[in-house]
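# Descriptive structure summary
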Amino acid sequence: MPQFGCRPPHTAGPATPPLALPPHETGPTDRELVRAALVPPATADPLARETAASELAGRHEAAVTAYAARCTTTTAAAELLRTSAQRTAAQSFLRDGDTAWRPHLLNTILRTAAEWSGADARRHLVPDLLSWLEESRGEIPVPVPADDDTSGVPLLVAAFRGLPGRLQTVLWHVFVEAEDLTLAARCAGSGTAVVRRWSETVEEEFRAVYGRLYEESVSPRCRPYSRLVLTTARTGGGRPVLEAGELAGHVRGCEFCARAFRELSRLHTGQWAPLLAQDLLPWGGRQYRQERVGQRLLPEVRAAAAPHQPPPRRGERRLWWAALAVAAVLAVTGVGLMTTGDPEPVSTTRTARNGEHGDKWNHWTRSSRPRPGDLTDIPASTPPPQPGPKPSRSSRAGDPSPSGKPSPPARLNLAKAGLRWDFRTWGARPKDTSSFDRPGEYHGYVDWRPDREGSVWFDGKSHVQTTQAVLDTSRSFTVSAWARPEPGGGAHTVAAQDGANVSGFLLQYSGADNRWRMTMGDADSPDAARDEVRSSGPPADGWQHLTGVYDAGKRQLRLYVNGTLQGTAGHTSAWRANGPFTVGRGQRGGAGADLFQGYLDDVRVFPDALGPSQIKDLASAGHNR
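Procedures and definitions
- Residues numbered from 1 in each chain as written.
- Predicted model: local features only at pLDDT ≥ 70, side-chain atom pairs only at ≥ 80, totals over all residues.
- Heavy atoms only, no water.
- Pairing = 2+ DSSP bridges.
- Helix = DSSP H or I, 4+ residues; strand = E, 2+ residues; numbered from the N terminus.
- Axes fitted to C-alpha atoms, helices over the stretch in contact; angles between N-to-C directions.
- Core = buried A, V, L, I, M, F, W, Y, C linked by side-chain atoms within 4.5 Å.
- Buried < 20%, exposed > 50% of the residue type's maximum accessible area, 1.4 Å probe, protein only.
- Contact = heavy atoms within 4.5 Å.
- Phe/Tyr/Trp six-rings, centres within 6.5 Å; stacked < 30°, edge-to-face > 60°.
- Lys NZ or Arg CZ within 6 Å of the ring centre and 35° of its normal.
- pLDDT = per-residue confidence, 0-100.
- Expected span 1.5 Å × (residues − 1).
- Salt bridge = Lys/Arg side-chain N within 4 Å of Asp/Glu carboxyl O.
- Parallel < 35°, antiparallel > 145°, perpendicular 65-115°, else oblique.
- Left-handed = near helix turned anticlockwise from the far one by under 90°.
- Nonpolar A, V, L, I, M, F, W, Y, C, P; charged D, E, K, R; others polar.
- Disulfide = S-S within 2.5 Å.

## Topic: the sheet that holds strand S9 (residues 515-521)
- Taken in spatial order, the seven strands of this open sheet run S2-S5-S14-S7-S8-S9-S10, and their pairing is antiparallel. With partners counted over all chains shown, the strands left at the sheet margins are strand S2 (441-443) and strand S10 (530-534), one partner each. Neighbouring strand axes in the sheet, compared pairwise and without regard to direction, differ in orientation by 20° on average.
- Relative to strand S14 (residues 581-583), strand S5 (residues 463-465) runs antiparallel, the two being bridged by two bridges. In the strand pairing of S14, Gln465 is matched with Thr582.

Following this line, the structure appears as C-alpha cells:
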C-alpha cells in the first residue's frame, strides 16, 4: 500500500520551514497551521505556535465569527461558540483526512450548537436554530472522512470530499464564498497563478466525481436510466425533456434520481454553490453564503453563471467580471432547480490540460477494460488520419508546398498521449488524464508535493506501475517526463516497461557516467547486447525535461533534454515487452532494479516517434499543460 505522510529528509533543494511565511504568495497550508497550533505548549516553540494561530485566525476568523453570530443571540455567546468549536474541529480535521478547513470548522460550529441545545447553554441560541435542531433531533451530518462509507451522505457532500483537499479549498473559497484568489492560495499553500489554473478545471473535476458517485449509488431499478439522467442534465435538456417519456416517469417516481438530476443540472449551469453550502451547513448555509458573497465584488469572483460562455474581449473584461459578481449574488436566491429553456450545450471535449474525452463521464464508466497483459488496446504506431483536405505527397512537414513555400513542421497535440500521469492531485492512485484511462498503483513510500502544480517524491525504494502494458516496444514510441534526481550513485530509472526478465526500454540517469540515457536491449535477457544514447553533459540542478524516442522506421534511439537533441544510436533488434509500464524503477533478472530517488512529474507516453519540433512543444508546454 502506498504511504503518504511526512516527507523524509532529502537534499533536493532547501525545505520550506513549516511556519516560514514568505512575503508574497506561498506559505503554510491550513492543515500545517492547524497542526502547528495543536503542538503541546511544553514541546512547542511559543513563537511558532502563536504565529500559526495568528495566521489561521487572519484567514478565517471573520467568516466563522459571522456564522457563529447567526447561531447565537449575543456577541459574547458567538465568541464562546466559536472558541468552543475550534479545538474540536482542529483535532477531527487532522484525523478525518484531506479536506478544506473553513467548511469543516463551520460544520463543527453547528454541531457544537447542537450540543448546547441539550444543556443550559441553549438560551444563547437563536429561536430558529433551536426549532430546527428539535425537528432534526440534534443530528448534524458530519463531513465524510475520505476513506469512510458515503452511503446515506448527500451526493454533493460526498463529491466535495472526493476531491483532493487543495481543490476543496479552491472550490469553497473561490466559488462558494466568492473570495479572492490570493486568500485561496494562502489557504492551499500555493501561488495565486497555480490556484487560478486550478479554478479553471475544478468545476469539471467536481462534476466528474459527482457523476461517478451517482452511477455507483443507483439501485438496480435505476441503473437503466442513470446514463440518460447524466446525459440529459449535461446537455441542458432540463424540464422540456422531463415533461414526457420513460425518463420522466422514472424521475417522478424516484426521489434519488430526481434530486441527482436537479443537482447535475445545476452543476452544468454553474448554479451549484448555494446547494453545496446548504448541504455542508444544513442550517443557515445558504444565507451564510449569500451574506458572504454580497460583501464583495472582486475581479477574481468565479460567479455561478453559464460556464460555457465565451471569454470576453480585453476591453469588456472589467464590465464582464462585474456582471458575473452580480450574477453570483442573484444565484443564491435559488431561482429554479432545472433549466427551463434550451441553453447552448456544454462542450464535451476536455482541454489538452486534462486530456481528451469525447464524453466527460467515459473515463469513469467504461463498460469493459482490457485484462492485465492484453495488448489489444495499445494504439497503433501511426495515429488515424484526421478529417480535412488530403495533402499531396510533397506536402509533408518541411517540404515545399504547391505555392513553393516550405510547410511548417507538424505541431504536437498534447492531448494525444497514450498515457499521462501529471500528479496534479494527491491520492492512493495516480490519475491518467489521457483518453485511455490507465491509472497506476504506488508501491512503497511516496510523497506528493505541490511543486510544479503537483509532483511525486520517490525514496529509492518505491515506484508506480500500471496493471498492463502501455507500449508496444517493438514499434515506434516516445516517453517523456520531468525529473529532479537526488545525488547518489548507481542508476535511477525514470520510466520503463517490464518484460519477463528485463525492461524493454529504460529512460534513466546513470550514476557511473553522470549522464541521462535512453537504452534498449536486443532481447528479453540480462545477457543480451544493449544500445544506448547518453546526454552530452551531466544533469543540471533543478528540474529537467527528458524525452526518449525509439524510431522503428529509422531503427534509431534518440534522447532529448529540455527539448534539445543529445544524440542518437542505432537499434535494430526490437522486441515486445508485455509487462506493466513503470515509473521510478527498471527491471533486471525478473526483479525490480535501479529505483529512482528524487522528484518526478508529468509522465507522458506517445505511441509514435515524435519529431524535434513536437518535442520542443512538449518541453515548453509548462506545468501540467
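## Quick look at the nonpolar core
- Counting residues in each nonpolar core, the largest one holds 85 residues, and the members touching the most others are Leu129 and Phe206.
- Tallying contributions element by element places helix H9 (residues 192-217) first for this core, with nine residues.
- In this structure Leu129 touches Cys71, Leu110, Ala113 and Trp283, once residues within four positions along its chain are discounted.
- Formed by 36 residues, the second largest nonpolar core is a distinct cluster that contains Tyr550, Leu559, Val583 and Val603.

## Quick notes on the packing of aromatic side chains
- All chains considered together, the criterion is met by eleven aromatic pairs.
- Summarising the aromatic geometry, the rings of Tyr445 and Trp457 are spaced 6.4 Å apart at their centres and angled 80° between planes, so their arrangement reads as edge-to-face. You can see Tyr445 sitting in the loop between S2 and strand S3 (446-449) and its partner Trp457 sitting in strand S4 (residues 455-459), a full twelve residues away along the chain. The exposure classification of Tyr445 matches that of Trp457, with both residues buried.
- An aromatic cluster of three or more residues is present, and its members are Phe175, Phe206 and Trp272.
- Over the ring of Phe93 we find Arg31; its NZ or CZ atom is 4.2 Å from the centre of that ring.

## Description of the pairing of strand S8 (residues 503-510)
- Within S8, eight of the eight residues are buried, leaving the element largely enclosed by the surrounding structure.
- By the bridge criterion, six bridges tie strand S7 (residues 491-498) to S8 in an arrangement that is antiparallel. Within the sheet, the bridge partner assigned to His492 lies in S8 and is Tyr509.
- Following S7, the chain reverses through four residues before pairing antiparallel with S8.

## Remarks on the confidence of the model for the protein chain
- On average, residues of the protein chain carry a pLDDT of 75, and 71% of them reach 70 or more.
- Across the protein chain, strand S12 (residues 556-561) holds the top mean pLDDT of 96, while helix H16 (residues 317-331) sits lowest at 35.
- Residue range residues 1-25 is modelled with pLDDT below 50. Its contacts to residues more than four positions away, or to other chains, number 47 contacts.

## Focus on unusual backbone geometry
- With phi around 55°, Ala178 is a residue other than glycine that occupies positive phi space.
- Relative to the helices and strands, Ala178 is located in the loop between helix H7 (165-176) and helix H8 (181-188).
- One non-glycine residue, Arg555, lies in the positive phi region at around 50°.
- As for its placement among the helices and strands, Arg555 is situated in the loop between strand S11 (544-551) and S12.

## Description of the pairing of strand S13 (residues 564-570)
- As judged from the six bridges shared by S12 and S13, these two strands associate in the antiparallel manner. What sits directly across from Arg558, in S13, is Thr568.
- If you look at the hairpin formed by S12 and S13, you'll find two residues sitting between the two strands, and Asn562 has a positive phi there, around 55°.

## Details of H7
- Counted at 1.5 Å a residue, the expected span for H7 with its twelve residues is 16 Å, and the 15 Å between its end C-alpha atoms agrees.
- At the C-terminal side of H7, Ala178 shows a positive phi close to 55°.

## A word on the pattern of salt bridges
- Tallying each qualifying case throughout the model produces 26 salt bridges.
- For Arg122, the salt bridge identified is with Glu134, shortest N-O distance 3.4 Å. Here Arg122 is found in the loop between helix H4 (101-116) and helix H5 (127-135), whereas its partner Glu134 is found in helix H5, with twelve residues between them in sequence.
- By relative accessible area, Arg122 is classed as partly exposed at 32%.
- The partner of Arg558 in a salt bridge is Asp551, and the shortest N-O contact between them spans 3.2 Å. Asp551 matches Arg558 in its accessibility class, with the two residues each being buried.
- Residues participating in the shared-partner salt-bridge network are Asp30, Glu55, Arg59 and Arg186.

## Some details on the packing of helix H1 (residues 30-37) against helix H2 (residues 46-71)
- Relative orientation of the contacting elements H1 and H2 amounts to 135°, with a least axis distance of 8 Å. When the axis of H1 is compared with that of H2, the two are oblique. For the pair H1 and H2, the sense of crossing is left-handed. On H2, the residues that touch Asp30, Leu33, Val34, Ala36 and Ala37 of H1 are Arg49, Ala52, Ala53, Glu55, Leu56, Arg59 and His60.
- Here the contact of H1 with H2 is built from residues that sort into seven nonpolar, one polar and four charged.

## A closer look at the packing of H9 against helix H10 (residues 223-235)
- The contact between H9 and H10 brings their axes to 9 Å, and the two run at 160°. In terms of orientation, H9 and H10 fall into the roughly antiparallel class. Relative to H10, H9 is oriented so that their crossing is right-handed. Judged by residue contacts, Gly211, Tyr214 and Glu215 of H9 engage Ser226, Arg227, Val229 and Leu230 from H10.
- Split into classes, the residues belonging to the contact of H9 with H10 amount to three nonpolar, two polar and two charged.

## A few points about the state of the cysteines
- For the coordinates displayed, the defined rule picks out zero disulfides.
- Free of any disulfide, Cys254 has its nearest cysteine sulfur in Cys222, 3.6 Å distant.
- Free cysteine: Cys257, not disulfide-bonded; nearest cysteine sulfur from Cys254 at 3.7 Å.

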